[in-house]
Amino acid sequence: MSESKKYLGWILLLGVYLFFLGNWGIAITDPVESNYALTAKEMLQAGNYLSPQIYGNYWYDKPIFFYWEVIAAFKLFGINEWAARFFPALFGISGLLMTYWFTQKLFNRLTALVATVILGTSLEYWLISKTVITDMTLFVFFNAALIFFYLGYYFKKRNYYYGAYFFAGMAVLTKGPIGLLLPGLIVVLFLVSQRDYKELLHMKWLGGIAIFVLTAGPWYYYMYSVHGMDFIDTFLGVHNVLRATVSEHPRDNVWYYYLGMFIIGFFPWVFTLPYLFKRRFQAQRERLQIAATSSTGISLGQGTDSLDGHDDNHLGSLVMNIGSVSASGAIIHAQPAMKDAIKGNSDGTPTWRAMMQFDQTTVFLLIWAFTIAVFYQLMATKYTTYTFPYLLPIAILAARVMVNHLKLVKYTVIANLILYSVLTFAVATPYCNAYSSKAVGNVVAQTVKRGDMVVSYGRYQTSAGFYSNQLIYRVEKAAAIPGLEPSAMNWNTKNVMPFIAEETVATRDHVVAIVDNRRLKEFKADMPGQWQEVKALDKFTVFRK
């Protein structure tokens, strides 16, 4: 078996084990996963594969592609948790294979393997590969667009640019305009950093735009032609413009929000970063001192695919500073030593400016990661997963030094496999059950009779509707309902569930009520009637009259 096939086999085993393990027992949670799962379920049951719908109404929270994934899984495996989590796990594996392919093209297979296992065993990557949300799909398409751009630019094979346009279209079909705007911004900033403005003339604009439009355009055209300005106002207005300008969760709008998310998300590899920075500057100082001594700059050299037994102070760290390595291991470009680097400071040490020189690939990876971080920090609304795509370039940067410490990588990966196995069953399964109304939904499904209305008093749990297969009304006082219902350009647009007044429910018979246990006294005071307790659960009690 070739080395490449062996590495790919390890990656597949890692991905299948980590991302599929235990998914059959992890309940669909509120408030996010349940929206995707219920939307896909309703679309499948209605035979509607183009217009997202939930609670019997159209809604425009996200584009169509992720719903297609969940619908396809439901068709293949039935409507259950395993199916809902199937494509996030599959895209998680795809993201690992993509990382390996990209990294080995620029460096070598061993560095590619290290980058891939660093990424795959990062906490956030593991979590999102098991979560019913759009972010893993976006991770693959968003980063694929940047990968195809850079391969085209680096190797001067500009037909790769067509792939960038295609994957940008898929990203837009998954998440919206951000799938084009943010990768485009990263590309522009990189070209500016290289002062290579002429490359914009060679970006395959005509064919690329055609590919992009044919990929993303048909669904957007259909939605506008069928739903008109309701789609534009809600999808673009609320879920894009409003999110960027008005914080949905003001408590999270702090400068350190994404710093905290990075520390958590890149666990455990985040603890290697101080060492990586130290090694980077040590290698850079060494290089510049050699250049100053010779006055000719550093010469090109040859790497090796095995990298076994090499000096800690050389290839892995040195390549990070002087150039990129081809698939065969050869260093194929390097930056010339600058005059100020050779001169150095008066005491003979390199200048700070010289110490901050990076090779082209490092510059691209840094711009890729930092642009994502800064962009979302400037947005009003912050979510834990927004910056997720930057883990790929960060994993590659880390691998370029960690490839010198294979024992540490090996033992960390083994420890993570054990840790995530335990977390799957000891934490993820009970935690998700606690944040799901699966048990409530099952009780409702067994209780409801033909002609019954199902209502929710207190916290509204979409997962109860998913598991019970019932339309559940949200109970509020009649005077409060107009202020809660969806309206243009505010966060009420997310309240797409059906409402019903307390006063109406109080006068009806044949009602099944899901009541938040924290509001039991209010329920009994506001909702008179012959209510019979069906079952009391940890957080909710089900009544019937």
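Here's what I pulled together on the structure shown here.

Calculation criteria
Residues numbered from 1 in each chain as written. Predicted model: local features only at pLDDT ≥ 70, side-chain atom pairs only at ≥ 80, totals over all residues. Heavy atoms only, no water. 1 Å grid on protein atoms, 1.4 Å probe; cavity = no way out; pocket = protein on both sides within 12 Å on 5 of 7 lines; lining within 4 Å. Points joined across faces, edges and corners; volume = space filled by probe spheres on them. Helix = DSSP H or I, 4+ residues; strand = E, 2+ residues; numbered from the N terminus. Pairing = 2+ DSSP bridges. Axes fitted to C-alpha atoms, helices over the stretch in contact; angles between N-to-C directions. Contact = heavy atoms within 4.5 Å. Salt bridge = Lys/Arg side-chain N within 4 Å of Asp/Glu carboxyl O. Buried < 20%, exposed > 50% of the residue type's maximum accessible area, 1.4 Å probe, protein only. Expected span 1.5 Å × (residues − 1). Parallel < 35°, antiparallel > 145°, perpendicular 65-115°, else oblique. Left-handed = near helix turned anticlockwise from the far one by under 90°. Nonpolar A, V, L, I, M, F, W, Y, C, P; charged D, E, K, R; others polar.

### Examining the layout of surface pockets
Roughly 620 Å³ of volume is contained in the second largest pocket. Forming the boundary of the second largest pocket are 20 residues, of which Leu273, Phe277, Leu366, Phe370 and Ile394 lie nearest the centre. For the lining of the second largest pocket, the secondary-structure elements that each account for two or more residues are α13 (257–265), α14 (273–294), α18 (360–378) and α19 (391–402).

### So, the sheet that holds strand β5 (residues 499–501)
Sheet architecture is open: 6 strands sit in the order β5-β4-β3-β6-β8-β7, paired in mixed fashion. A single partner strand is all that each edge strand has here, and the edge strands are β5 and β7 (532–536). Neighbouring strand axes in the sheet, compared pairwise and without regard to direction, differ in orientation by 30° on average. Judged from the 3 bridges that link them, strand β3 (residues 453–457) and strand β4 (residues 472–476) form a sheet pairing that is parallel. Paired with Val454 across the two strands is Ile472, which belongs to β4. Against the sheet, helix α21 (residues 438–447) touches β3, β6 (511–516), β7 and β8 (540–544), its axis set at about 10° to β8.

### Topic: the pattern of salt bridges
The full count for this structure, using the stated rule, is 18 salt bridges. In this structure, Asp61 and Arg243 form a salt bridge, with 3.8 Å as the shortest nitrogen-oxygen distance. Placement of the pair is Asp61 in the loop between β2 (57–58) and α3 (65–77) and Arg243 in helix α12 (residues 229–245), with a sequence separation of 182 residues. Note that Asp452 is salt-bridged to Arg544, the shortest N-O span being 2.9 Å. Here Arg544 lies in strand β8 and Asp452 lies in the loop between α21 and β3, a separation of 92 residues in the sequence. Given a relative accessible area of 13%, Asp452 falls into the buried group. Salt bridges sharing partners connect three or more residues here, namely Asp61, Lys62, Arg243, Glu248 and Lys494.

### A closer look at the pairing of β7
Note that β7 and β8 share 4 bridges and pair antiparallel. Counted as the bridge partner of Glu533 is Phe543 from β8. Taken together, β7 and the strand that follows it, β8, pair antiparallel across an intervening segment of 3 residues.

### What about helix α20 (residues 406–434)?
Along its 29 residues, α20 runs 39 Å from first to last C-alpha, staying within 8% of the 42 Å computed at 1.5 Å per residue. If you check which residues of α20 are buried, you get Val409, Thr412, Val413, Asn416, Tyr420, Ser421, Thr424, Ala428, Thr429 and Cys432. Of the surrounding secondary structure, the elements contacted by the buried residues of α20 are α1 (3–20), α6 (109–120), α7 (123–128) and α19.

### Considering the packing of α1 against α20
Taken N-terminus to C-terminus, the directions of α1 and α20 make an angle of 25°; their axes are 10 Å apart at the nearest point. With respect to each other, α1 and α20 are oriented roughly parallel. At the point where α1 passes α20, the crossing takes the left-handed sense. Of the residues in α20, those in contact with Leu14, Tyr17 and Leu18 of α1 are Val413, Leu417, Tyr420 and Ser421. Here the contact of α1 with α20 is built from residues that sort into 6 nonpolar, 1 polar and no charged.

### Comments concerning the packing of α6 against α20
Packed helix pairs are specified by the crossing angle of their axes together with the interaxial distance, meaning the distance between the axes. It is the contact of α6 with α20, at a shortest axis distance of 11 Å, that shows an interaxial angle of 35°. Remark: the crossing between α6 and α20 carries left-handed chirality. Touching Leu110, Val114 and Val117 of α6 are Leu406, Val409 and Val413, all from α20. Residues belonging to the contact of α6 with α20 are distributed by class as follows: 6 nonpolar, no polar and no charged.

Interpretation note: all reported values are geometric properties and have no functional meaning in isolation.
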